[in-house]
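Residue-level structure breakdown
Single-letter residue listing:
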Amino acid sequence: MTQQFIIIILLIALGYTLKRINYFKANDSQVFSTLVLNVTLPSLVIVNLNKADLDVSLSILPIMMIAYGIIAKIIVVWFFLKYDNHVRGATGMMMASLNIGLFAYPLVEAIWPESGMIYFGMADIGGAIIMFGVTYFVGSYFSSGGDSFDFKYLGKNLLRSVPLMTYIIMFILNMANIHFPKPVIDFFTVLSGANMPLSMILLGLMLNFSIDRRFFANCFEIYWYPLRSRYYCRIVSTFLPTSE
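In every chain, residue numbers begin from 1 and rise along the written sequence. Note on the predicted model: pLDDT of at least 70 is required for a residue's local features to be given, and 80 or more for side-chain atom pairs to be given and counted; whole-chain, interface and lining totals, by contrast, use all residues. Values reported for side chains reflect all heavy atoms of the structure, with hydrogen atoms and water molecules removed beforehand.

1. As for the overall build of the chain
On a plain count of helices and strands, the chain comes out with twelve helices and zero strands. Counting from the N terminus, the helices are the DSSP runs of H or I reaching at least four residues and the strands are the DSSP runs of E reaching at least two. Of the regular secondary structure in the chain, the N- to C-terminal order runs α-α-α-α-α-α-α-α-α-α-α-α. Every one of the 244 residues in the chain was classed for burial, and the buried ones make up 38%. Contact definition: two residues touch when any of their heavy atoms are within 4.5 Å. Long-range contacts, defined here as pairs at least 24 residues apart, represent 82% of the contacts in the chain between residues at least 6 apart. Each accessible area is a Shrake-Rupley result for a 1.4 Å probe, and residues are judged covered by the shown protein chains and nothing else. Just so you have it, the chain exposes about 14,500 Å², and 68% of that area is on carbon and sulfur atoms. The cut-offs for exposure are 20% and 50% of the maximum accessible area for each residue type, with area from a 1.4 Å probe on protein chains only; residues under the lower value are buried, those over the upper are exposed, and the others partly exposed.

2. Re the nonpolar core
Side-chain atoms within 4.5 Å link the members of a nonpolar core, which is a set of buried Ala, Val, Leu, Ile, Met, Phe, Trp, Tyr and Cys residues. Counting residues in each nonpolar core, the largest one holds 34 residues, and the members touching the most others are Leu 49, Leu 54 and Tyr 167. Of all the elements in the fold, those that place two or more residues in this core are α1 (2-20), α2 (29-49), α5 (100-111), α6 (116-142), α8 (162-175), α9 (182-192) and α10 (195-206). Among the elements that make up this core, the one with the highest residue count is α2 (seven residues). Counting eleven residues, the second-largest nonpolar core is a separate cluster that includes Ala 72, Val 77, Phe 80 and Val 134.

3. Regarding the packing of α1 against α10
What counts as an axis is a line fitted to C-alpha atoms, over the stretch in contact for a helix, and the angles between N-to-C directions run from 0 to 180 degrees. The contact between α1 and α10 brings their axes to 7 Å, and the two run at 45°. Relative to α10, the element α1 is oriented oblique. In this structure, α1 meets α10 at a crossing whose hand is right-handed. Contacts between α1 and α10 involve Gln 4, Ile 7, Ile 8, Leu 11, Ile 12, Leu 14, Gly 15, Tyr 16 and Lys 19 from the former and Met 196, Pro 197, Met 200, Ile 201, Leu 203, Gly 204, Leu 205 and Met 206 from the latter. Only Asp, Glu, Lys and Arg are considered charged, only Ala, Val, Leu, Ile, Met, Phe, Trp, Tyr, Cys and Pro nonpolar, and every remaining residue, Gly among them, polar. Among the residues making up the contact of α1 with α10, the classes are represented as 13 nonpolar, three polar and one charged. Convention used here: angles under 35 degrees read as roughly parallel, angles over 145 as roughly antiparallel, angles from 65 to 115 as roughly perpendicular, and any remaining angle as oblique. Left-handed describes a crossing whose near helix is turned anticlockwise from the far helix through less than a right angle; right-handed describes the clockwise counterpart.

The values reported here are purely geometric and, on their own, carry no functional implication.
Set out below in structure tokens:
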């Protein structure tokens, strides 16, 4: 595990270094993210869920994720009542908007290769609804056109999320005891092998350590918010369907 962690750090550093020496630009991260989200990550999902031992009880994970996202956003908006709608909307959108699929999966795969992807994947279904649904609603509500929430746009975003659709389809196929043959899985295994290095290099490309001084106070409050919510996280963790 230590070796895997060192490799991950080196890959992140490689991506950041390549950006600093202008070999890649920050805009090039779009190409990497497209490959990861639409090719390597779905391939990893297919490989892991093809013959995974799934249970209907795992469906509680997306429900818990949605509940956490809604509660967290309500709390942080309440903490920032003294600020204008722009700040409240921005912090509300950021809170509990977890990009599990893009950056967390490589770490999960390295730490819990057997069952980690299953649990995180099911939770990510709820996370996608938070990202494309609740977060979009918060941004729309606090924007100047607060009454312009578009459910059609929301539905299109959910349906166009390749990782989300892959998880849902693979979950249904698994529960129906339908599995892909070995040649198909071998093909996706090759593609999934590129997920970790591409994701970590992408993270390095997206790193930016410059912060506008005007937002230092806001950053301080955002930093303390997770500490205030630690008790809620402990309560949630007691209901997770795992003994680890």
